[in-house]
Amino acid sequence: MSAAASLVEVGACVKLNDVVKRYDTSDGEVLALGPVSFDLRRGEFLSVVGPSGCGKSTLLTLLSGLAEPTEGSVAVDGRELRGPNRECGIAFQSPVLLEWRTALDNVLLQFEMRGMDRETYRQQAIDLLRSLGLEGAERRYPRELSGGMRQRVSIARALIHDPPLLLLDEPFSAVDALTRDQLVADLQRVWLEHDDLTVLFITHHIEEAVFLGDRVLVMTPRPGRISELIDIDIPRPRRIHDRDLKGHGDYSRRIRDLFVQSGVFREGAR
Ligand code: ADP
């Protein structure tokens, strides 16, 4: 089998092999991540949950191709990733919108950056903003939008070019709890509407990871490794109401137990 063929696995769109990431800092070398090996299956929703500083954002940066692993490899569709992964959309904790552009123009920026004719995609962008609950807000500027609405624009911009892979880094952490619940439910719906969209969703929020994930990758403290990859066997569509039900709670408890075992939580600590 050739080296390239060995990277291909049926159903896997992204494959990480013994990935390690170290950073050089003024205090010396920091081992941020790994070794980590896992597959991202085509069309799955993978939640990643772990404590601050365990390398979650580093993992996302490696999948986006904006950084390279120090050791090991990241393969996308059977090819080792070298340089930016143009086949993905990314949304971060901060929506990073251009203040002088309307919501619609912020979304269309995706095409301008790719040298494509934005006008061809105008209606598609309006439709996507509507499906994300922003009907009527297309011509508003970021300062005229709430935090949750700005985050919706950011997700629309990440999705508008129909990427096969969506990378989300704590996209809801800066919004209030009720808005967050709604955003999570809307994200599930949008993902269900997009055939074969693979999502890697980074969060600190255990219940949110369970609610959204087909699987939850639980990470250890730094250097982040896989504590466990848990299959979430709960039918879809999942409903906000059901988050309190036993099935959800059992998975959340299991993840909390793992965090107790790895020292993330210390019961009774002062
Ligand atoms: P998380 O997203 O889980 O909070 P990060 O991936 O941001 O974790 O960071 C993991 C570790 O790597 C942290 O100790 C962080 O300080 C360090 N780190 C992240 N990015 C860099 C960088 N560009 N240069 C140096 N150290 C970094």
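Just so it is clear, the model here is predicted, and its values are computed rather than measured.

Rules and cut-offs
Residues numbered from 1 in each chain as written. Predicted model: local features only at pLDDT ≥ 70, side-chain atom pairs only at ≥ 80, totals over all residues. Heavy atoms only, no water. Near = heavy atom within 4 Å. Polar contact = N/O pair within 3.5 Å; in protein donor to acceptor, adjacent residues only side chain to side chain. Areas by Shrake-Rupley, 256 points an atom, 1.4 Å probe, with all protein chains shown as cover. Helix = DSSP H or I, 4+ residues; strand = E, 2+ residues; numbered from the N terminus. Phe/Tyr/Trp six-rings, centres within 6.5 Å; stacked < 30°, edge-to-face > 60°. Buried < 20%, exposed > 50% of the residue type's maximum accessible area, 1.4 Å probe, protein only. Core = buried A, V, L, I, M, F, W, Y, C linked by side-chain atoms within 4.5 Å. Salt bridge = Lys/Arg side-chain N within 4 Å of Asp/Glu carboxyl O. Contact = heavy atoms within 4.5 Å. pLDDT = per-residue confidence, 0-100. Axes fitted to C-alpha atoms, helices over the stretch in contact; angles between N-to-C directions. Parallel < 35°, antiparallel > 145°, perpendicular 65-115°, else oblique. Left-handed = near helix turned anticlockwise from the far one by under 90°. Nonpolar A, V, L, I, M, F, W, Y, C, P; charged D, E, K, R; others polar.

**Topic: the site of the ligand**
In the neighbourhood of the ligand, the contacting residues comprise Y23, T25, A32, P51, S52, G53, C54, G55, K56, S57, T58 and R222. Note that an oxygen atom of the ligand is positioned 3.1 Å from one of the backbone N or O atoms of C54. R222 places a polar side-chain atom, nitrogen or oxygen, 3.5 Å from an oxygen atom of the ligand. Protein chains shield 61% of the accessible area of the ligand, which is 560 Å² for the free molecule. Only β1 (12-25) and α2 (56-64) provide two or more residues apiece to the shell around the ligand. The dominant element in the shell around the ligand, judged by the number of residues it contributes, is α2, at 3 residues.

**With respect to the packing of aromatic side chains**
The tally for this structure, following the rule as stated, stands at 5 aromatic pairs. With a centroid separation of 5.5 Å and an interplanar angle of 85°, the aromatic rings of F45 and W191 are classed as edge-to-face. In this pair, F45 sits in strand β3 (residues 45-49) while W191 sits in helix α6 (residues 177-193), placing the two residues 146 residues apart along the sequence. Looking at W191, the relative accessible area reads 8%, which means it is buried. A connected cluster of aromatic rings, assembled from ring pairs, spans F45, F172, W191 and F201.

**Describing the nonpolar core**
Soluble globular proteins tend to bury their nonpolar side chains together. With 36 residues, the main nonpolar core has V153, L168, F172, V199 and F201 as its most contacted residues. Contributions of two or more residues to this core are made by α3 (103-113), α4 (122-131), α5 (147-159), β7 (165-169), α6, β8 (198-203) and α7 (206-212). Within the second largest apolar cluster, 26 residues are counted, among which are V14, V36, L60 and I202.

**Here we look at the pattern of salt bridges**
For the structure shown, the criterion picks out 22 salt bridges. What emerges from the salt-bridge pattern is a single network uniting R101, D105, E112, R118, E119 and R122.

**Section: the environment of L145**
Position of L145 among the secondary structure elements: in the loop between α4 and α5. Residues L145 and L134, spaced 11 residues apart in sequence, show a C-alpha to C-alpha distance of 9.8 Å. Ignoring sequence-local partners within four residues, the contact set of L145 consists of A103, A137, R140, R150 and V153.

**Digging into the confidence of the model for the protein**
Scored by pLDDT, the protein has a mean of 90; 94% of the residues are at 70 or more. Of the regions scoring below 50 in pLDDT, residues 1-10 engages in 12 contacts with residues more than four places distant in sequence or in other chains.

**Overview of the packing of α3 against α5**
Packing of α3 against α5 leaves a shortest axis separation of 7 Å and a crossing angle of 30°. Comparing the axis directions of α3 and α5 gives the class roughly parallel. Relative to α5, the crossing made by α3 is right-handed. Contacts between α3 and α5 involve A103, N106, V107 and Q110 on the former and, on the latter, V153, A156, R157 and A158. Looking at side-chain class alone, the contact of α3 with α5 contains 5 nonpolar, 2 polar and 1 charged residues.

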